[in-house]
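Observations on the model geometry
Next come the chains, spelled out residue by residue.
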Amino acid sequence: MATQLQRMQFIDSRIRQGKAYSAKSIANEYEVSERSIKRDIDEMKNSFNAPIKYSKIKGYYYGEKFEIFNFLGEKSLIASAMMKKILESLNYIPLTADNIISNLDESVGSELKFISDKIRYDFSEYEEVDIALFKVVIDSMNYKKQLKAIYNNADGVKSERVLEPLRLMNYSGKWYLVAYCVMKNIPKIFLFSRFEKLVLTDVPNVYECDDLKLNNLLSNSFGLDLEENPKEAVIRFYQPVSDSIKNQKWHKNQKIRNGKNNIGEFIEFIIPVGRYREILGRILRFGMHAEVVEPEDLRNKWLENIKMMYDRYIKQ
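Summarised in this report is the structure supplied together with it. (Residues numbered from 1 in each chain as written. Predicted model: local features only at pLDDT ≥ 70, side-chain atom pairs only at ≥ 80, totals over all residues. Heavy atoms only, no water.)

On to the nonpolar core, then. In terms of nonpolar packing, the biggest core is built from 26 residues, with Leu-163, Leu-177, Phe-192, Phe-195 and Leu-198 touching the most fellow members. Among the elements of the structure, helix 6 (131–143), strand 3 (145–152), strand 4 (158–171), strand 5 (174–181), strand 6 (186–191), strand 7 (195–204) and helix 7 (211–218) are those that each provide at least two residues to this core. Looking at which element gives the most residues to this core, the answer is strand 5, with seven residues. With near-sequence residues (within four places) excluded, Phe-195 lies in contact with Leu-133, Ala-149, Ile-150, Tyr-151, Leu-163, Leu-177 and Phe-190. (Core = buried A, V, L, I, M, F, W, Y, C linked by side-chain atoms within 4.5 Å. Buried < 20%, exposed > 50% of the residue type's maximum accessible area, 1.4 Å probe, protein only. Helix = DSSP H or I, 4+ residues; strand = E, 2+ residues; numbered from the N terminus. Contact = heavy atoms within 4.5 Å.)

Quick look at the structure:
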């Protein structure tokens, strides 16, 4: 059975044809009642601000430019194809979701369904997830109980922690747990693959999470960070990279400016940053075509990395 949204897409397509369509003619073609079509048109006006007008000569028409429904089918198709790919990959969704996958095509008009398998989404980088540990975190969130954890940090140092999960996040193909660390008395971000052990306890959570503040912190600076007062980093890109990168968005608050120096023309990204490790890795991918301008300590770390590479691979 067609959804109301699909009927509204059909009505939109008929209005755009510019023919003298009445509610009765649309209803006959779609094989529904005239009352349903009129109700759908009212919904389009009220919920989507569709500028639909009617005259006996022109039938239904748009009184001004209106694009919301124009690409809705295509957007649904792309979203459906992307979600199916993600749901089929246990590296992204570590629990089976066959019932959701089977229903995704319902959001796409029948005339576009055959295209679904022709759209590809390839995820080149990911880490596998221990489903048993993932379930423990879900249970902790559900029952609002603390976790006992054994965690290995980036330097391989093992520690025991008591955590209260706040968010599960998939970032660049890797799962992370944002959790209140009882011993540190602050929210922290943990790479899921570094958990050696997670055990659900009977101890109730004690941390009162301010969801708005936490969400703001997670989006405050580049990458995965919980920085309240990020610094402003300036990264300069030279040709040929500057042309290919000019449309990239590294952060929602990113600013871009153009310039020229003795090396040549460049584009600068101005981005809020907290921790430097991730931004340095991103910049170093561009080799000699990217330069850290500010802040000074980030520039010094960038130069230090270049020197270490020179000492290891060239100077020896």
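So much for the structure itself; the text now carries on.
What follows deals with helix 3 (residues 34–48). Here helix 3 contains 15 residues, and its C-alpha end-to-end distance of 21 Å stays within 8% of the 21 Å for a straight helix at 1.5 Å per residue. Every buried residue belonging to helix 3 is among Ser-36, Ile-37, Asp-40, Ile-41 and Met-44, and all of these are buried. Around the axis of helix 3, the buried residues are gathered within 140° of arc, so they sit on the same side. When the buried face of helix 3 is taken as reference, the exposed residues oriented beyond 90 degrees from it are Arg-35 and Asn-46. Buried-residue contacts for helix 3 involve helix 1 (4–16), helix 2 (23–30), strand 1 (52–55) and strand 2 (59–62). Looking one or two places after helix 3, you find Asn-49, whose phi comes out positive at around 55°. (Expected span 1.5 Å × (residues − 1). Arc of directions from axis to C-beta.)

This brings us to the layout of surface pockets. Of the pockets and cavities examined, the largest pocket occupies roughly 1200 Å³. Lining the largest pocket we find 33 residues, and of these Tyr-176, Leu-224, Arg-275, Arg-277 and Glu-278 sit closest to its centre. Those elements that provide at least two residues to the lining of the largest pocket are strand 4, strand 5, strand 6, helix 7 and helix 9 (277–284). Its residues assigned to classes, the lining of the largest pocket shows 13 nonpolar, five polar and 15 charged. (1 Å grid on protein atoms, 1.4 Å probe; cavity = no way out; pocket = protein on both sides within 12 Å on 5 of 7 lines; lining within 4 Å. Points joined across faces, edges and corners; volume = space filled by probe spheres on them. Nonpolar A, V, L, I, M, F, W, Y, C, P; charged D, E, K, R; others polar.)

The next point concerns the pattern of salt bridges. Overall, the coordinates contain 14 salt bridges when judged by the stated rule. The salt bridge involving Arg-275 is made with Asp-225; its shortest N-O contact spans 3.8 Å. One end of the pair, Arg-275, is in the loop between strand 10 (265–273) and helix 9; the other, Asp-225, is in the loop between helix 7 and strand 8 (231–238), and 50 residues separate them in sequence. On the basis of relative accessible area, Asp-225 is assigned to the buried category, the value being 7%. As a salt-bridge pair, Glu-291 and Arg-299 come within 3.0 Å of each other at their nearest N and O atoms. What makes Arg-299 partly exposed here is its relative accessible area of 25%. (Salt bridge = Lys/Arg side-chain N within 4 Å of Asp/Glu carboxyl O.)

Our next topic: the side chain of Ser-242. Its location among the elements puts Ser-242 in helix 8 (residues 241–245). Classification of Ser-242 by relative accessible area gives buried; the value is 3%. Excluding anything up to four places from it in sequence, Ser-242 contacts Phe-237 and Ile-267.

The next point concerns the packing of aromatic side chains. Under the counting rule described, the total for this entry stands at 18 aromatic pairs. Relative to Phe-66, the ring of Tyr-62 lies with its centre 5.2 Å away and its plane at 50°, an arrangement referred to as tilted. Both residues of the pair, Tyr-62 and Phe-66, count as buried. Relative to Tyr-207, the ring of Tyr-180 lies with its centre 4.4 Å away and its plane at 5°, an arrangement referred to as stacked. Here Tyr-180 is found in strand 5, whereas its partner Tyr-207 is found in the loop between strand 7 and helix 7, with 27 residues between them in sequence. Its relative accessible area of 31% is what places Tyr-207 among the partly exposed residues. Sitting over the ring of Tyr-61, Lys-58 keeps its end group 3.9 Å from the ring centre. Between Arg-236 and the ring centre of Phe-266, over which it is positioned, the NZ or CZ distance is 4.2 Å. (Phe/Tyr/Trp six-rings, centres within 6.5 Å; stacked < 30°, edge-to-face > 60°. Lys NZ or Arg CZ within 6 Å of the ring centre and 35° of its normal.)

Distances and angles like these do not, on their own, reveal function.
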